[in-house]
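Chain and residue survey
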Amino acid sequence: MLRRHRVERKPISEVAKSFGMSRQAFYVTDALFSEHGIPGLLPHLRGPKGAHKCTDEVLDFVEQWKPQGKETLVEAIRRRFGVTINPRSIERALARRKKKRARKQQQMQG
């Protein structure tokens, strides 16, 4: 599609229509190709690649936290880091961390 426009000098609207795409989709594809080459055209995961609230610093704090008075863990995190994290999200992040550590130990032993 890009070749037809760039090399054969066909109009964008004609090229996009012949490939069953909108002009906007053509422009997006063209921009991705111009910026990243062929790898830019391959499908990839979108969105965040990691936790943006349950950082290593927060998880270190959670692992060392001891209840003091009536303050909950969520309240302690909010007070210390200024972020609100759902308790279930904390549990999942800790489980992932534990699993990751176990995998590292297995690799070192084996």
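Residues numbered from 1 in each chain as written. Predicted model: local features only at pLDDT ≥ 70, side-chain atom pairs only at ≥ 80, totals over all residues. Heavy atoms only, no water.

All right, on to the nonpolar core then. The tendency in soluble globular proteins is for nonpolar side chains to be buried side by side. In terms of nonpolar packing, the biggest core is built from 12 residues, these being Cys54, Val58, Leu59, Phe61, Val62, Leu73, Val74, Ala76, Ile77, Ile85, Ile90 and Ala93. Listing elements by their share of this core, those giving two or more residues are helix H4 (56–64), helix H5 (73–81) and helix H6 (87–109). Among residues more than four places away in sequence, those in contact with Val62 are Leu73, Ile77, Ile90 and Leu94. The next biggest cluster of nonpolar side chains, apart from the first, holds 6 residues, and it includes Met1, Leu2, Val15 and Phe26. (Core = buried A, V, L, I, M, F, W, Y, C linked by side-chain atoms within 4.5 Å. Buried < 20%, exposed > 50% of the residue type's maximum accessible area, 1.4 Å probe, protein only. Helix = DSSP H or I, 4+ residues; strand = E, 2+ residues; numbered from the N terminus. Contact = heavy atoms within 4.5 Å.)

So, on to a positive patch on the surface. On the surface, Lys99, Lys100, Arg103 and Lys104 cluster together into a positively charged patch. Topologically, Lys104 is positioned in helix H6. Judged by its relative accessible area of 54%, Lys104 falls in the exposed class. (Patch = residues over 30% accessible without salt bridge, like charges linked within 9 Å, V, L, I, M, F, W, Y side chains within 5 Å. Areas by Shrake-Rupley, 256 points an atom, 1.4 Å probe, with all protein chains shown as cover. Salt bridge = Lys/Arg side-chain N within 4 Å of Asp/Glu carboxyl O. Lys, Arg positive; Asp, Glu negative; His and termini not counted. Charge placed at Lys NZ, Arg CZ, Asp CG, Glu CD.)

This part is about the packing of aromatic side chains. Going through the model one piece at a time under the given rule, you end up with 2 aromatic pairs. Measuring from centroid to centroid gives 5.9 Å for Phe26 and Tyr27, while their planes differ by 80°, and the two rings are edge-to-face. Taken together, a centroid distance of 5.5 Å and an interplanar angle of 80° make the contact between Phe61 and Phe81 edge-to-face. With a gap of 20 residues between them, Phe61 in helix H4 and Phe81 in helix H5 connect regions that are remote in the sequence. When its relative accessible area of 23% is taken as the criterion, Phe81 is described as partly exposed. (Phe/Tyr/Trp six-rings, centres within 6.5 Å; stacked < 30°, edge-to-face > 60°.)

Attention shifts here to the packing of H4 against H6. It is at 11 Å that the axes of H4 and H6 come closest, and there the two elements cross at 95°. Between H4 and H6, the interaxial angle falls into the category roughly perpendicular. Along the contact surface, H4 presents Asp56, Leu59, Asp60, Val62 and Glu63, while H6 presents Ile90, Ala93, Leu94, Arg97 and Arg101. Of the residues assigned to the contact of H4 with H6, the class counts are 5 nonpolar, no polar and 5 charged. (Axes fitted to C-alpha atoms, helices over the stretch in contact; angles between N-to-C directions. Parallel < 35°, antiparallel > 145°, perpendicular 65-115°, else oblique. Nonpolar A, V, L, I, M, F, W, Y, C, P; charged D, E, K, R; others polar.)

A few words now on the side chain of Arg97. The topology assignment puts Arg97 in helix H6. Within the local environment of Arg97, its side chain forms a polar contact with the side chain of Asp60, the two groups lying 2.8 Å apart. Excluding residues that lie within four positions of it along the chain, Arg97 makes contacts with Asp56, Leu59, Asp60 and Glu63. (Polar contact = N/O pair within 3.5 Å; in protein donor to acceptor, adjacent residues only side chain to side chain.)

By themselves, these figures tell us nothing about what the structure is for.
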